[in-house]
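So you can see what is in the structure, the chains are spelled out below.
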Amino acid sequence: MMQKRFIGLGVALVTPFTEDGNVDYSTLEKLVQMHLDCGTDFLCVLGTTAETPTLTTEEKREIRKRIIKQVDSRMPIMVGIGGNCTQAVINEIASEDLTGVDAILSVVPYYNKPTQEGIYQHYRAIAASTDIPIFLYDVPGRTGVNLLPATAIRIANECPNVVGFKAASGNLTQIKELIDNKPAHLDVFSGDDGLTVDIMEAGGLGVISVLGNATPALLKKMIDNMFAGNVAEARKQSDDLNELLRLLFIEGNPCGVKAMMEIQKLVANRLRLPLVPVSDDTYAKLQQEVVKFI
């Protein structure tokens, strides 16, 4: 398939819910339009921030279908398809209509804590099952295991359709090691909003952002400054976000960003169990901080 290049600001899209707990497709459409209008470079659909583990197969299918139709090829779309059973991931990729999907974001297997060899075999099997470009997603805080640079490089060298890496380990030393030694076709993106400038300065191509759900235009300016070589200005913009980011993640994701988005009147502050809204204290602090950026 023809590969679209992912670069710049990607947003890990939230899933809005109605008062009765269903997916709020009307609000979802408004969010997608906001990103089309403000210059978001690509969307990451059905990732961690979308509360994907709580969505049914039918809901995931409908969300994907609606977003692909609305975007209509105006920006690349990355879709999360991952899990801790390799064959189940392969089966999902094979059984779903992925027309209009430009890449698959596939998380490191969680809970069963495979070895590096197991992680390698997992991704090799997935890559062999499809010609859709694949992004590796390293987030050890959620999976319990770290995808090491040597393993990622091995996977990319042997699997030409493994084209990207979402780095959410928080380990800059490892991320820089990967960037310094990776094959040319493997692009690295920050998976931590607070590390975007550091990772881009080291050679990363952008971010797959949580905060971008709420402030895409602000983050777009920061990333554009990095591409223009205005590192000092971009770093100041990033530093200004430190307290907001701390509050955004102190009670988990997407709990913080949904609270922020409700303050901005973008979505209702509704989540599916086992996730719950942030505490009143965190919400009040977010209200005080958010006014600086809207």
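To keep things clear, this report deals only with the structure shown in the data block. (Residues numbered from 1 in each chain as written. Predicted model: local features only at pLDDT ≥ 70, side-chain atom pairs only at ≥ 80, totals over all residues. Heavy atoms only, no water.)

### Comments concerning the packing of helix α3 (residues 86-95) against helix α4 (residues 116-128)
Right, on to step 1. With their axes 10 Å apart at the nearest point, α3 and α4 run at an angle of 20° to one another. Judged by the angle between their axes, α3 and α4 are roughly parallel. Of the two possible hands of crossing, α3 and α4 adopt the one that is right-handed. Note on element contacts: α4 touches α3 through His122, Ala125 and Ile126, opposite Thr86, Val89, Ile90 and Ile93. (Axes fitted to C-alpha atoms, helices over the stretch in contact; angles between N-to-C directions. Helix = DSSP H or I, 4+ residues; strand = E, 2+ residues; numbered from the N terminus. Parallel < 35°, antiparallel > 145°, perpendicular 65-115°, else oblique. Left-handed = near helix turned anticlockwise from the far one by under 90°. Contact = heavy atoms within 4.5 Å.)

### Digging into the nonpolar core
Right, on to step 1. Within the largest apolar cluster, 82 residues are counted, with the highest numbers of intra-cluster contacts made by Leu43, Ile67 and Leu147.
Right, on to step 2. Excluding residues within four positions of it along the chain, Ile67 makes contact with Leu13, Leu28, Val32, Leu43, Val45 and Ile77. (Core = buried A, V, L, I, M, F, W, Y, C linked by side-chain atoms within 4.5 Å. Buried < 20%, exposed > 50% of the residue type's maximum accessible area, 1.4 Å probe, protein only.)

### Some words on the packing of aromatic side chains
Right, on to step 1. This model, assessed by the stated rule, comprises 4 aromatic pairs.
Right, on to step 2. Here Phe6 and Phe42 contribute two aromatic rings whose centre-to-centre distance is 5.0 Å and whose plane-to-plane angle is 90°, an arrangement assigned as edge-to-face. With Phe6 in the segment before β1 (8-12) and Phe42 in strand β2 (residues 42-45), this pair connects stretches of sequence that are 36 residues apart. Residues Phe6 and Phe42 agree in their burial class; the two are buried.
Right, on to step 3. Pairing Phe42 with Phe189 gives two aromatic rings, centres 5.7 Å apart and planes at 85°, and the pair type is edge-to-face. Of this pair, Phe42 sits in strand β2 while Phe189 is found in strand β7 (residues 187-190), placing the two residues 147 residues apart along the sequence.
Right, on to step 4. Look at Phe189 and you get buried, because its relative accessible area is 0%.
Right, on to step 5. The rings of Phe6, Phe42, Phe135 and Phe189 are connected pair by pair, giving a single aromatic cluster.
Right, on to step 6. Its end group placed over the ring of Tyr25, Arg66 keeps NZ or CZ at 4.2 Å from the ring centre.
Right, on to step 7. One residue, Arg154, lies across the ring of Tyr120, its end atom 3.4 Å from the ring centre. (Phe/Tyr/Trp six-rings, centres within 6.5 Å; stacked < 30°, edge-to-face > 60°. Lys NZ or Arg CZ within 6 Å of the ring centre and 35° of its normal.)

### Section: the environment of Val139
Right, on to step 1. Within the secondary structure, Val139 is located in the loop between β5 (134-138) and α5 (140-143).
Right, on to step 2. For Val139, the residues in contact, after removing those within four places along its chain, are Val107 and Ala168.

### What to know about the pairing of β1
Right, on to step 1. Within β1, 5 of the 5 residues are buried, which leaves the element mostly enclosed by the surrounding structure.
Right, on to step 2. Bridge count between β1 and strand β8 (residues 206-209): 4 bridges; the pairing is parallel. For Gly10, the partnering residue across the bridge sits in β8 and is Ile208.
Right, on to step 3. At this point the chain moves from β1, through helix α1 (residues 25-38), to the parallel β2, and the crossover so formed is right-handed. (Pairing = 2+ DSSP bridges. Right-handed = clockwise from strand over helix to strand, strands pointing away.)

### Some words on helix α7 (residues 172-181)
Right, on to step 1. Every buried residue of α7 is accounted for by Gln174, Ile175, Leu178 and Ile179. Projected down its long axis, α7 carries its buried residues within an arc of 135°, all on one side. Along α7, the residues that are exposed and aim more than 90 degrees away from the buried face are Thr173 and Asp180.
Right, on to step 2. For α7, the elements touching its buried residues are α6 (149-158), β6 (162-167), β7 and α8 (196-202).
Right, on to step 3. Two or three places before Thr173, at the start of α7, stands the capping residue Asn171, its side-chain oxygen 3.2 Å from that residue's backbone nitrogen. (Arc of directions from axis to C-beta. Polar contact = N/O pair within 3.5 Å; in protein donor to acceptor, adjacent residues only side chain to side chain.)

### So, the environment of Asn242
Right, on to step 1. Mapping Asn242 onto the fold places it in helix α11 (residues 242-249).
Right, on to step 2. Note on Asn242: relative accessible area 42%, which makes it partly exposed.
Right, on to step 3. For the pair Asn242 and Asp193, spaced 49 residues apart in the sequence, the C-alpha separation amounts to 9.5 Å.

### Considering the side chain of Thr52
Right, on to step 1. In this fold, Thr52 is placed in the loop between β2 and α2 (57-71).
Right, on to step 2. Looking at Thr52, its side chain comes within polar contact range of the main-chain oxygen of Gly47, at 2.8 Å.
Right, on to step 3. Aside from chain neighbours lying at most four places away, what touches Thr52 is Leu46, Gly47 and Lys60.

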